[in-house]
Amino acid sequence: MINRRRFTRRLVYAAAGMMVPFSPVFVRPSPAAAQKPPELAVVSGPDYPALVREALRLIGGMERFVRPGKSVVVKPNIAWDRPPELAATTHPQVVGTVVELVLAAGAKQVTIFDHTCNEPRRCYVNSGMTELIETLRDRRVRLEHIDRRKFVRTSIPAGRSLREWEIYQDILTADCHINVPIAKHHGLSRLTLGLKNVMGAIGGNRGRLHHGLAQNLADLATVIKPTVTLIDATRILMDNGPQGGRLEDVRRTDTVIASADPVAADAVATTLFGLRPEDIETTVAAARMGLGEMDMSRITVREHRL
Amino acid sequence: MSTPVVPIQRYRWLRRARVVMQLGCLLLFLWLFSKTDYDGSDTIDYAVNLLFRIDPLLALCTMLAARAFILLMAPALVVVGLSLLFGRFFCGWICPLGSLLDGTQSLLKNSRSGHPTLFPSLAATILLAVLVAAALQLPLAGYVDPFSILVRALAQAVYPALHNLAEWFFTFTYQQAPPWVNALTEPLYAFLKAHVLPFQRKYFDLALLSMAVLLAIVSAEAVQRRFFCRNLCPLGALLGWFARLGVTGVAGGTEACGSCRLCSRICRMGAIDEQRHINPNSCILCMDCLVQCPRQVIGLQMQAPGRRGAGLSLSRRRFIGTVLLAGALPPVLGVRRLTAAPNPELIRPPGALAEDAFLQRCVRCAECIQVCIGNGLQPSLLEGGVEGLFAPRLVARTGYCEFNCTLCGQVCPTGAIRVLSLEEKHRSKIGHAWFDKDRCLPYAKGVPCIVCEEHCPTPDKAIRFREVVVVDDSGRDVPLHQPYIVDAFCIGCGICETKCPLPGRAAIFVTSDGEDRHPDRRLPANPGGSSSGYGGY
Ligand code: SF4
Ligand code: SF4
């Protein structure tokens, strides 16, 4: 039964909801952003493992995010059958260092996976991930191929265009989710960064999400929330992304960006491409939903050159 | 008449050796079959296609049809040599289909082993027909060859079905069973996935047909033991022919046996007649009679080569009839429309020879279809004509040709698909993609998409887009990316068609137009562009 008061309330909400995309007045500041500005580290230098360690140290160290005995998902981008130098996939050294830090912080289990676009085994091998895990030789670390049984239909209560989607169970149940995307060009969304990297943790007909991609990704970000986002910008793909394939399109930037705020991480990474955060619709959509801060003036950036 | 002596069974160990050998070979072949897959390396290091390279029937027919000596198939000479030495041992000791049929005995319980072979000259007739057709460059051996039949059924039906079954069962336990059950089933599933099951779900057009052929052969065991081997198998007939020329054989009983006809009753090949004469054409050296003969009078025997005479044991009338019939096929096939206008939906794997040469060599072994990691290759039905049945073609809506993969050429036992280097593969054009702009979302609906562009693997993108602003249904301006194809770079891999998110038919599809197997298939050149087009030749 709907009484009058409830009805009017719904009407107001509905009206508000409709206006949101058009009117910046309705931007809801995220509670975190309102209290204290998000911290973010930008570290550059030629030694990739050192970059990762320093970036995480600057935002409080891995211990801040991973407690002993916890389960962790590390989600790199290994979606393409491309070697690391073509900058289509996260650098194995970056992933390796993250995993080492997670283990050092006392994690009980680390799961690494990606829902790939090319043949999964080829992607894992060619991206260097298989070799990485073999050299790590730690029973707590698992490089897992997508197990179709683990996609769970998950409702997205705050979603504006997506109401539910199939999401990989591990990323929902892990105590800690470390998002390790690579920064690269993308034909449709201009760039693919942290928010876009969740595409590798969902099932269903993913191509369908490309119709209204920015909002869809922002909706997914309301349920898939990385504890930390560490963007691999050691080399970035300037064109022909997300798959690349030409060395001419790769630029060496020797940088990693780390933040607990997924939107801030994407916003700052955008500047490496000579773009502004507002140029990336996904970032804008996520910020509008209060998922993080995209206003550079309100992000505490700690920069360091090694 | 003397009482039968207690058999001393000096051949018992030989029969045991035969059974062990059968089992070992069957397991070896299954193992090789399961290794016909990507395994973390760009090359396959085992001769996974061994079975097809030691097959004298396929070797003979393929070389006849291709008019060339095919080095890949040279190992078949070893089998020829061994058959001249040991008769038709291959069928009794090695052939995995034969072993499989022997293995079904306990299930089918039939006693009709000794009955005379139902169609004693059919196998030889089939052999002759296949040889004549091959000589006229129409190779049909793949349809009747035991290995092709077996591996096709394994690859297209049994193995994927096994995966299906396992997935169904372990999904059920995973979702419904209590944790203690899962503590047992999950490790088991992980083990099976790592070592036994195929890596991924695959779907095949002719799963039922491939399976039906094998099932029919297995079921025929209920009529007669080794029904296929005695009545139909052209490979067996060929090996029997070598056996007759060869130097060893099993010599049967004599007058002294009296009324005992045990051997001819138990022979699974019906090789022993009423006079206890053992026919080297049919005897597969299974050693049953040697072991069971109460008098132990059957033994192995040497003789001068060719003493038993040669020939296919066909009557002259049948011989001539078969030659004429088989010979009539190619001219008739040549008048189909297909000859004049190749089917654009027939996309062959990268490295495939020009169509005629390809079909002359393809033995329908399904190795390429089995190894295709993108599930792109499907067995053809009639898309390439009756003589193209079961030959591989790319069906891109459900699977595509993986850019960095060159496995199909590596496993093809006949060179119907050439081995390509990665660089060659990247440049080899098997077809061409086309947009259906009435369906493509950015064109037809004003909806953003370009999933195809994202997946297009060529470093110089074959799918690009124009940034346009269109007016959508509700009159709003929508900025959009509209994709288009750059002819010079499209290689026809089909990933765009596979990944196009539309339900049903994709808005982008590949055809074989433009494939580089034949100059006539080239696309028109763009005068200003970089593609060489028709003029390239
Ligand atoms: S093309 Fe395929 S089916 Fe034909 S012979 Fe080669 S591997 Fe076998
Ligand atoms: S993926 Fe299909 S619908 Fe989308 S742009 Fe390409 S052809 Fe059009």
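Basis of the calculations
- Residues numbered from 1 in each chain as written.
- Chains lettered and ligands numbered in written order.
- Predicted model: local features only at pLDDT ≥ 70, side-chain atom pairs only at ≥ 80, totals over all residues.
- Heavy atoms only, no water.
- Helix = DSSP H or I, 4+ residues; strand = E, 2+ residues; numbered from the N terminus.
- Expected span 1.5 Å × (residues − 1).
- Buried < 20%, exposed > 50% of the residue type's maximum accessible area, 1.4 Å probe, protein only.
- Phe/Tyr/Trp six-rings, centres within 6.5 Å; stacked < 30°, edge-to-face > 60°.
- Lys NZ or Arg CZ within 6 Å of the ring centre and 35° of its normal.
- Contact = heavy atoms within 4.5 Å.
- pLDDT = per-residue confidence, 0-100.
- Buried area = accessible area lost by both parts, 1.4 Å probe.
- Salt bridge = Lys/Arg side-chain N within 4 Å of Asp/Glu carboxyl O.
- Polar contact = N/O pair within 3.5 Å; in protein donor to acceptor, adjacent residues only side chain to side chain.
- UniProt positions renumbered as here; feature names shortened; annotations may be inferred.
- Near = heavy atom within 4 Å.
- Nonpolar A, V, L, I, M, F, W, Y, C, P; charged D, E, K, R; others polar.

## Comments concerning helix H1 (residues 12–34) of chain B
Its 23 residues give H1(B) an end-to-end C-alpha distance of 33 Å, which sits within 8% of 33 Å, the value for a rise of 1.5 Å per residue. Residues of H1(B) that are buried include every one of B:Leu14, B:Arg18, B:Gln22, B:Cys25, B:Leu26, B:Phe29, B:Leu32 and B:Phe33, and no others.

## Regarding the packing of aromatic side chains
Overall, the coordinates contain twelve aromatic pairs over all chains when judged by the stated rule. An angle of 85° between the planes, with centres 6.4 Å apart, marks the rings of B:Phe89 and B:Phe90 as edge-to-face. Accessibility assignment for this pair places B:Phe89 and B:Phe90 in one class, buried. Lying over the aromatic face of B:Tyr174, A:Arg149 brings its terminal NZ or CZ to 4.2 Å of the ring centre.

## Observations regarding the environment of A:Arg64
Looking at the secondary structure, you find A:Arg64 in the loop between helix H3 (48–58) and strand S2 (71–76). If we ignore the near neighbours within four places in the chain, the residues touching A:Arg64 are A:Glu39, A:Ile59 and A:Ala260.

## Points about the confidence of the model for chain A
When pLDDT is averaged along chain A, the result is 90; 89% of the residues meet or exceed 70. In this model, residues 1–34 of chain A is a region of pLDDT below 50 whose contacts with residues beyond four sequence positions or in other chains number 17 contacts.

## What to know about the interface of chain A and chain B
Residue-level contacts link 34 residues of chain A with 40 residues of chain B. Across the interface of chain A and chain B, roughly 3100 Å² is buried in total on both sides, 48% from carbon and sulfur atoms. It is A:Arg121, A:Arg122 and A:Arg149 in chain A that bury the most area against chain B; as a group they hold 26% of the surface buried on that side. At the junction of chain A with chain B, the criterion picks out five salt bridges. Notably, a salt bridge pairs A:Arg121 with B:Asp37, separated by 2.9 Å at the nearest N-O pair. Taken together, chain A and chain B are joined by 21 residue pairs in polar contact (both at pLDDT 80 or more).

## Digging into the UniProt feature "transmembrane region" (unreviewed entry) in chain B
The positions that UniProt labels "transmembrane region" (unreviewed entry) are, in the present scheme, residues 17–34, 46–70, 77–101, 121–144 and 203–223 of chain B. Between the end C-alpha atoms of residues 17–34 of chain B there is a gap of 25 Å, over a span that is 100% helix and 0% strand.

## Describing the site of ligand 2
Residues and elements named next belong to chain B. Near ligand 2 there are 13 residues, and of these Cys440, Cys449, Ile450, Cys452 and Cys500 occur at the shortest range. Going through the elements one at a time, helix H23 (441–444) and helix H24 (451–455) are the ones with two or more residues in the shell around ligand 2. Of the residues contributing to the shell around ligand 2, the split by class is 13 nonpolar, no polar and no charged.

## Focus on unusual backbone geometry
Across the junction of A:Gly241 and A:Pro242, the peptide omega takes the value 5°, indicating a cis bond. For A:Pro242, the location among the structural elements is in the loop between strand S10 (228–237) and strand S11 (250–259). Despite not being glycine, B:Gln137 has its phi angle at roughly 70°, a positive value. Within the secondary structure, B:Gln137 sits in the loop between helix H8 (122–135) and helix H9 (141–144). Although it is not a glycine, B:Phe390 adopts a positive phi angle of roughly 70°. Counting through the fold element by element, B:Phe390 comes out in the loop between strand S3 (377–379) and strand S4 (392–394).

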